[in-house]
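The residues making up each chain are set out below.
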Amino acid sequence: MEEVDVEPTVTNIPGIRHGKHMGFAWGPGDMLVYETHFKPSGLTPSGPGGSFIHKVRKDEDINSPILRKLFNESHHIFVGLQTIKDDLPSKSKRPQFVSISRNYRSVIRACMEELQQVAVSTRDTEMGTQYGNQVSILLAIELIWNLCEVLFIDAAPAGSLLLHLLDWVRLHKADVDEKAKDVLQSDSPAEHHNYWDVVVSYVLQGRLEEARQMLVKQATLQPASRNMYKLMDGLLSKMPFYNPGGSQTLTEFDVKWRNWHEEVDRYLKDNTFASNRHLELICKILVGDEDTLLEQKELLGTWYHFLVTRLLYSHPTVKPTDLHYYAQSCLTMFLDSRSVQEPLDSILLAAFEFDIYLVIKDCSIVLNNWWFVAHLTDLLDHCKLLQSHNLNFGSNMREFLLLEYASGLFTHHSLWQCAVDYFDHCPELGRACLELQIERVPLDTERKALKVLRICEERQMSEQVRSICKIMAMRALRNNRLGSALSWSIRAKDAAFATLISERFLQDYCAKGTFSDLDLIDNLGPAMLLSDRLTFLGKYREFHKLYGEKRFKEAAKLLLSLMTAKIAPRSFWMTLLTDALPLLEQKEVIFSADQTYELMYCLEELTSSIDTAAAGGERPMQEEDVEQTKVELLRLSLARNLAMAIVKEGTVETIFKT
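Throughout this description, residue numbers start from 1 for each chain and increase along the sequence as written. With pLDDT at 70 or above as the cut-off, local features in this predicted model cover only qualifying residues; side-chain atom pairs require 80 or more to be listed or tallied, and sums for whole chains, interfaces and linings still use all residues. Hydrogens are left out, water is left out, and the side-chain values use all remaining heavy atoms of the structure.

**Q** It is not clear to me how the packing of aromatic side chains should be interpreted in this structure. Could you clarify?
**A** Aromatic ring pairs are described here by two measures, namely the spacing of the ring centres and the angle between the planes. Within 6.5 Å between ring centres, the rings of Phe, Tyr and Trp (the latter by its six-membered ring) count as paired, and their orientation is classed by plane angle as stacked under 30 degrees, edge-to-face over 60, tilted in between. Per the stated rule, a full pass over the model turns up 20 aromatic pairs. On the basis of an interplanar angle of 65 degrees and a centroid distance of 5.7 Å, the ring pair of tyrosine 242 and phenylalanine 253 is categorised as edge-to-face. Of this pair, tyrosine 242 sits in the loop between helix H8 (226-238) and helix H9 (250-269) while phenylalanine 253 sits in helix H9; the two residues are 11 residues apart in sequence, bridging distant segments of the chain. The interplanar angle of 40 degrees and the centroid separation of 6.2 Å between the aromatic rings of phenylalanine 410 and tryptophan 416 together place this pair among those described as tilted. With respect to class, phenylalanine 410 is no different from tryptophan 416; both count as buried. Joined through ring pairs, the aromatic side chains of Phe71, Phe78, Tyr405 and Tyr422 make up one cluster. A cation over a ring is seen here: lysine 297 above phenylalanine 334, with NZ or CZ 5.3 Å from the ring centre. Secondary structure follows DSSP: runs of H or I at least 4 residues long count as helices, runs of E at least 2 residues long count as strands, and numbering of each begins at the N terminus. Here's how the labels work: a residue is buried when its accessible area is under 20% of the maximum for its type, exposed when over 50%, partly exposed in between, all with a 1.4 Å probe on protein chains only. Put simply, a charge is over a ring when the Lys NZ or the Arg CZ is close to the ring centre, within 6 Å, and near the line of the ring normal, within 35 degrees.

Shown next, in the form of structure tokens:
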């Protein structure tokens, strides 16, 4: 097993006493920790264990309302990225990938700005610190992502590469703009204490036009030095910048740049600006003097700013393959022996070395969640840059990181829906993980259950569909919501449970004399065929409708068929026969002689079972008397109806014969 590169961070749990043994239980995203009563042999008891269970969260960011916007917005970008067709040539897809990368960065920046506003406005010191830490993390993420975009996704060639790196530095070294604003808003900008810092910072970032505009203000205050300022303005205006869209070749640009560089060097050697230390400093920067650049550490701020400035004034046509030499030397030169190399430095250095795998690996270790590495890896994989990095435990690196990220989202009460799409786009293990995770989603409400169910049905996850429906049906049954329970059991296609609920409906009818949830029973349709009992429930309700519509003959035929076809449970026969009484007492003969014989047979079969039960002493005396009374009434009505039916049928037969 490969060992980890760094020691895992220690999490201090408040309230845990020193020397106590801990128990824990892993969850999908969190861990429960508690004190146990375990004591090593030979030690005396040290008092009772703690009464608290502590919840340790693996990913705290997932609970931040502002960062949730990052997760939601990036989810839409991720889904859009998956729609790009693989069969398109790489060159035609590159602009799309760059655009998607910028979309990701714009979402990061929007969240970062919102966090900054909240950090400034909050009165809670602890929360302000937490928001400040999140801003720092997002700043680092955006810095790394932007560099990866330049080097890997856009893959800028020599010439264009430096222009992209300049934009990268300018974007992430924005304090010069704040200083410039203060200077320009003052009464006398040229005499402001930060004036020269702003001018030099502009030159360090290659913003020469803005540096020229600032120098004009100083030239107006010093008429005697106007010619010197004019010379410097000329040097700044003549510095060539490569134009990728122009007709000039890289070789032609290089010749032009060298001529300009020699001119600046000539002025420096001639001590043209010796009388003005600020202009001489700018001249030394323009020739790329390393010692002078290193003296501006405070204005540069970082070694990678130093790197880009050094390349701008010494090697403007640097090739991507040579970047790592300059990066390593600049890092060594910029950091003195007392400085410690930060994880961010190692990640940026790995990027300059074009070691994508190391960038992702170090980011996975350093960052506190999987969002960054999952989305960056996915984008790089679409750019066909990760083909050689497959893992030896079931999936490639892209899929592994996406699965980790999506599993974390599933622990959140609303973000789990976003996670489904991430699992969908993991072809090897995505479905298996989704099946495991979807079963852990708490079905707090029926609305949420329907959402989960729809997701499962769309993906033909039949086992999970049945499980969800059974859970919801059982919950509805416990709350005596029979209609909802029946609806869920039908959806689950669970015949046994549908039979149980149908029995409950019939028991309720026997107790109350009416059906609940008539709309559901009336519209069962083909679903009633799921079980015999459900079929009986639907047909019995149909009998009541026919009776209510005074379609007595149809109602009588249906009632008889329920008994003779043995669809009706034996325990319900007395109720059915009792329902037949009003039909038997009608002035018009409803049941024919044959139908009446059938009813008589059913009654006799039922009474024989009642007599058997009575002989066994299984029923109270009062119930027996009631049943006996019903039987006598039914016999009387059946006999009367049989006589009327025979007379009517005989009369009809005689008429036909004559």
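**Q** How should I be thinking about the confidence of the model for the protein chain in this particular structure?
**A** A low pLDDT means the predicted coordinates there should not be read in detail. Of all residues in the protein chain, 86% have pLDDT values of 70 or greater, and the mean over the chain is 82. Confidence scores per residue from the predictor, reported as pLDDT, run from 0 to 100. Mean pLDDT in the protein chain bottoms out at helix H25 (residues 518-522), which sits at 65, and peaks at helix H13 (residues 303-314), which reaches 94.

**Q** Sorry, what's going on with the environment of leucine 534 here?
**A** Tracing the chain through its elements places leucine 534 in helix H26 (residues 532-548). Sequence-wise, leucine 534 and isoleucine 490 are 44 residues apart; in three dimensions their C-alpha atoms are separated by 9.7 Å.

**Q** Is there a simple way to think about the packing of helix H23 (residues 482-492) against helix H24 (residues 495-512) in this case?
**A** Packed helices, taken two at a time, are described by the angle their axes make and the gap between the axes. A fitted line through C-alpha atoms serves as each axis, taken over the contacting stretch for helices, and the angle formed by two N-to-C directions is quoted from 0 to 180°. The geometry of H23 relative to H24 is characterised by a closest axis approach of 9 Å and an angle of 155 degrees between their N-to-C directions. With respect to each other, H23 and H24 are oriented roughly antiparallel. In this structure, the crossing between H23 and H24 has a hand that is left-handed. Seen from H23, the contacting residues are Leu482, Gly483, Ala485, Leu486 and Ser489; seen from H24, they are Phe497, Ala498, Ile501, Ser502, Arg504, Phe505 and Asp508. Basically, the charged four are Asp, Glu, Lys and Arg, the nonpolar ten are Ala, Val, Leu, Ile, Met, Phe, Trp, Tyr, Cys and Pro, and anything else, Gly included, counts as polar. Here the contact of H23 with H24 is built from residues that sort into 7 nonpolar, 3 polar and 2 charged. Working rule for angles: under 35 degrees goes down as roughly parallel, over 145 as roughly antiparallel, 65 to 115 as roughly perpendicular, anything else as oblique. Note on convention: near helix rotated counterclockwise from far helix by under a right angle means a left-handed crossing. Clockwise means right-handed. We call two residues in contact when some of their heavy atoms are within 4.5 Å.

**Q** Looking at this model, I keep getting lost on the nonpolar core. Mind explaining?
**A** Within soluble globular proteins, side chains that are nonpolar tend to cluster in buried spots. Put simply, a nonpolar core is a bunch of buried Ala, Val, Leu, Ile, Met, Phe, Trp, Tyr and Cys residues held in one set by side-chain atoms that sit within 4.5 Å of each other. Among the nonpolar cores identified, the biggest contains 190 residues, and Leu165, Trp168, Leu215, Trp303, Phe352, Trp371 and Phe372 are the most heavily contacted of them. Aside from chain neighbours lying at most four places away, what touches phenylalanine 352 is Leu147, Leu151, Leu165, Trp168, Trp303, Leu307, Leu323, His324 and Ala327.

**Q** So what exactly am I meant to see when it comes to H26 here?
**A** Think of an α-helix as 3.6 residues a turn; residues three or four steps apart then line up on the same face. For a helix, the expected span equals 1.5 Å multiplied by the number of residues minus one. The end-to-end C-alpha separation of H26 is 24 Å, in line with the 24 Å expected for 17 residues at 1.5 Å each. The complete set of buried residues in H26 reads Arg533, Leu534, Thr535, Phe536, Leu537, Gly538, Tyr540, Arg541, Phe543 and Leu546. Downstream of H26 by one or two residues, lysine 550 has phi in the positive range, about 60 degrees.

**Q** Help me understand the pattern of salt bridges, please; the structure alone is not making it clear to me.
**A** Any two side chains of opposite charge can pair, given that their charged atoms come close. Salt bridges are identified by distance alone: a Lys or Arg side-chain nitrogen within 4 Å of an Asp or Glu carboxyl oxygen. Enumeration over the complete set of coordinates arrives at 26 salt bridges. With its nearest N and O atoms 3.1 Å apart, the salt bridge here joins aspartate 254 to arginine 258. Here the residue aspartate 254 and the residue arginine 258 both occupy positions in helix H9, the gap between them amounting to 4 residues, near one helical turn. Residue aspartate 254 is classed as buried on the basis of its relative accessible area of 19%. Salt-bridge contacts for arginine 551 lead to glutamate 549; the nearest nitrogen and oxygen are separated by 2.7 Å. The exposure class of arginine 551 is partly exposed, given its relative accessible area of 35%. A single network of salt bridges, built from pairs that share partners, joins Arg102, Arg105, Arg109, Glu142 and Glu149.

**Q** Which parts of the structure should I look at to understand the packing of helix H21 (residues 446-458) against helix H22 (residues 462-478)?
**A** Contact pair H21 / H22: the axes reach a minimum separation of 9 Å and the direction vectors enclose 165 degrees. Between H21 and H22, the interaxial angle falls into the category roughly antiparallel. Considering the relative orientation of H21 and H22, their crossing is left-handed. Residue-level inspection shows Glu446, Ala449, Val452, Leu453, Cys456 and Glu457 of H21 in contact with H22, the latter providing Gln464, Val465, Ile468, Cys469 and Met472. Partitioning the contact of H21 with H22 into residue classes produces 8 nonpolar, 1 polar and 2 charged.

**Q** Would you take a moment to explain H24 for this structure?
**A** Under the 1.5 Å per step criterion, the end-to-end length of H24 is 25 Å for 18 residues, consistent within 8% with the ideal 26 Å. Listing the buried residues of H24 in full gives Phe497, Ala498, Ile501, Ser502, Phe505, Leu506, Asp508 and Tyr509.

**Q** Hey, could you run me through the environment of leucine 633 in this one?
**A** Here leucine 633 shows up in helix H30 (residues 621-657). The spatial distance from the C-alpha of leucine 633 to the C-alpha of leucine 581 is 8.5 Å, given a sequence separation of 52 residues.

**Q** Hey, could you run me through unusual backbone geometry in this one?
**A** For phenylalanine 354, which is not glycine, the phi dihedral falls at a positive 60 degrees. One can find phenylalanine 354 in the loop between helix H15 (343-352) and helix H16 (356-366). The partly exposed category is assigned to phenylalanine 354, whose relative accessible area is 32%. The phi dihedral of lysine 550 is positive, around 60 degrees, even though this residue is not glycine. Of note, lysine 550 is situated in the loop between H26 and helix H27 (552-564). Lysine 550 gets classed as exposed once you look at its relative accessible area, which sits at 65%.

**Q** I'm lost on the environment of threonine 575 in this one. Help?
**A** Looking at the secondary structure, you find threonine 575 in helix H28 (residues 573-584). Spatially, the C-alpha atoms of threonine 575 and lysine 630 are 10.0 Å apart, while their sequence positions differ by 55 residues. Those residues in contact with threonine 575 that lie beyond four places of it in its chain are Tyr509, Cys510 and Tyr540.

**Q** Please clarify how the state of the cysteines should be interpreted in this entry.
**A** Disulfides are covalent bonds that link the sulfur atoms of two cysteine residues. To count as a disulfide, a pair of cysteine sulfur atoms needs to be within 2.5 Å. In the structure shown here, the tally under the stated rule is 0 disulfides. The thiol sulfur of cysteine 148 is not disulfide-bonded, and the nearest other cysteine sulfur, from cysteine 363, lies at 7.1 Å.

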